[in-house]
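What follows is the residue order along each chain.
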Amino acid sequence: MALMGINRARPSHWLKNHRDALPSLVAVIAVALFWVVGAVGGIRFLADASSPMAMLTGLYVGLAAVAVSIIITTLALNDLARRYARTRNRP
């Protein structure tokens, strides 16, 4: 493919060229892992609650964690979209 002018980019080269986008990518991956782990373990935590107050506290903590994760994801995806649009619009 190199003869046709198409070079395959290695992940290390991509990382060097897009180092500024790394925090946003890490944030999106971390939130995705949070949602997967929460879906697997969150229901079990609420089912094992010893009292209604413990269940209510768990629900409030879960609600706050979900709200924060949505905000983080929105900010990270907005940053990635802005970076992608900026590089596409350059001549």
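Coordinates for the structure precede this section.
Residues numbered from 1 in each chain as written. Predicted model: local features only at pLDDT ≥ 70, side-chain atom pairs only at ≥ 80, totals over all residues. Heavy atoms only, no water.

Chemist: Looking at this structure, I do not really get the packing of aromatic side chains. What am I missing?
Modeler: Two aromatic rings are characterised by how far apart their centres lie and by the angle between their planes. A full pass over the atoms with the stated rule returns 1 aromatic pair. Measuring from centroid to centroid gives 6.4 Å for Phe-34 and Trp-35, while their planes differ by 85°, and the two rings are edge-to-face. (Phe/Tyr/Trp six-rings, centres within 6.5 Å; stacked < 30°, edge-to-face > 60°.)

Chemist: What is the right way to read the layout of surface pockets from this model?
Modeler: Rolled over the atoms, a probe as big as a water molecule pinpoints where empty space is left. In this structure, the largest pocket encloses a volume near 320 Å³. Within the residue set of the lining of the largest pocket, elements represented by two or more residues are helix H2 (22-47) and helix H3 (52-89). Per-element tally for the lining of the largest pocket: the top contributor is H2, with 8 residues. Taken together, the residues that form the lining of the largest pocket break down as 11 nonpolar, 4 polar and no charged. (1 Å grid on protein atoms, 1.4 Å probe; cavity = no way out; pocket = protein on both sides within 12 Å on 5 of 7 lines; lining within 4 Å. Points joined across faces, edges and corners; volume = space filled by probe spheres on them. Helix = DSSP H or I, 4+ residues; strand = E, 2+ residues; numbered from the N terminus. Nonpolar A, V, L, I, M, F, W, Y, C, P; charged D, E, K, R; others polar.)

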